[in-house]
Amino acid sequence: MPLYSRKDMPQVNTQNLGKALGMTKRKAKVTKGMSLAIKLKQSQKELIKSKVKGVAAKYSKPTDMKPLIISKDNYIIDGHHRWAAAIYKFGDDVKIPIHRINLKRDEAIELYNDIASSLTEDINVPINVGDTVLGGKF
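Note that the structure is predicted; figures quoted are calculated from it, not measured.

A.B. asks: What is the right way to look at the overall build of the protein chain in this model?
C.D. replies: Of regular secondary structure, the protein chain possesses four helices and six strands. In the protein chain, the succession of α and β elements from N to C terminus is α-β-α-β-β-α-β-α-β-β. Across the 138 residues in the protein chain, those meeting the buried criterion constitute 38%. In the protein chain, the share of contacts with a sequence separation of at least 24, taken over all contacts with a separation of at least 6, comes to 83%. When the accessible surface of the protein chain is summed, it comes to about 8,200 Å², and 51% of that surface belongs to carbon and sulfur atoms.

The structure is reproduced here in structure tokens:
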């Protein structure tokens, strides 16, 4: 199965993960659990090495990591960098938290992309250096 470009994948900020999952549960069955990292399949072509290392540095144990969003056929929908960070830091036999959307890969990506887009509409407005936003300068 061909891999998607990162720009075509859902990008949900971990702070919005709970909200995104709540919205997903209204459209499809979602189950929570743990999975061996080695059993999960990549959907995304690119990984950013510095991001993987940065995420790995944040966690002292895999169970503290924010969950990955996966499809019913074990493809990663959101969380490729967390997945790679877990393997990088703890090995490919590590168990990591997941939320499984009961849809196949392409359907799950489409649904989660729609949800990710609805969450980021307001924050994707370009900000110019020097603009004041919420009391702070950029």
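A.B. asks: Explain unusual backbone geometry here, please?
C.D. replies: As a rule of thumb, non-glycine residues mostly have phi less than zero, and peptide bonds are mostly trans rather than cis. Here the phi dihedral of Asn-74 falls at roughly 70 degrees; this positive angle occurs in a residue that is not glycine. By secondary structure assignment, the location of Asn-74 is in the loop between β2 (68-71) and β3 (76-78).

A.B. asks: It is not clear to me how helix α3 (residues 80-90) should be interpreted in this structure. Could you clarify?
C.D. replies: Each α-helix turn comprises 3.6 residues. Residues three or four places apart therefore point the same way. The set of residues buried in α3 consists of His-80, His-81, Arg-82, Trp-83, Ala-84, Ala-85 and Ala-86. The first or second residue beyond α3 is Gly-91, which carries a positive phi of 95 degrees.

A.B. asks: What is the right way to look at the pattern of salt bridges in this model?
C.D. replies: The final tally for this structure, using the stated rule, is two salt bridges. Between Asp-8 and Lys-7 there is a salt bridge, with the nearest N and O atoms lying 3.4 Å from each other. Taking the relative accessible area as the measure of exposure, Asp-8 reaches 35% and is therefore partly exposed. A residue is classified by how much of its surface remains accessible, and Lys-7, at 71% relative accessible area, is exposed. Among the ionic pairs, Arg-105 bridges to Asp-106, the shortest N-O distance being 3.0 Å. Residue classification places Arg-105 among the buried residues on the basis of a relative accessible area of 3%.

Rules used throughout
- Residues numbered from 1 in each chain as written.
- Predicted model: local features only at pLDDT ≥ 70, side-chain atom pairs only at ≥ 80, totals over all residues.
- Heavy atoms only, no water.
- Helix = DSSP H or I, 4+ residues; strand = E, 2+ residues; numbered from the N terminus.
- Buried < 20%, exposed > 50% of the residue type's maximum accessible area, 1.4 Å probe, protein only.
- Contact = heavy atoms within 4.5 Å.
- Areas by Shrake-Rupley, 256 points an atom, 1.4 Å probe, with all protein chains shown as cover.
- Salt bridge = Lys/Arg side-chain N within 4 Å of Asp/Glu carboxyl O.

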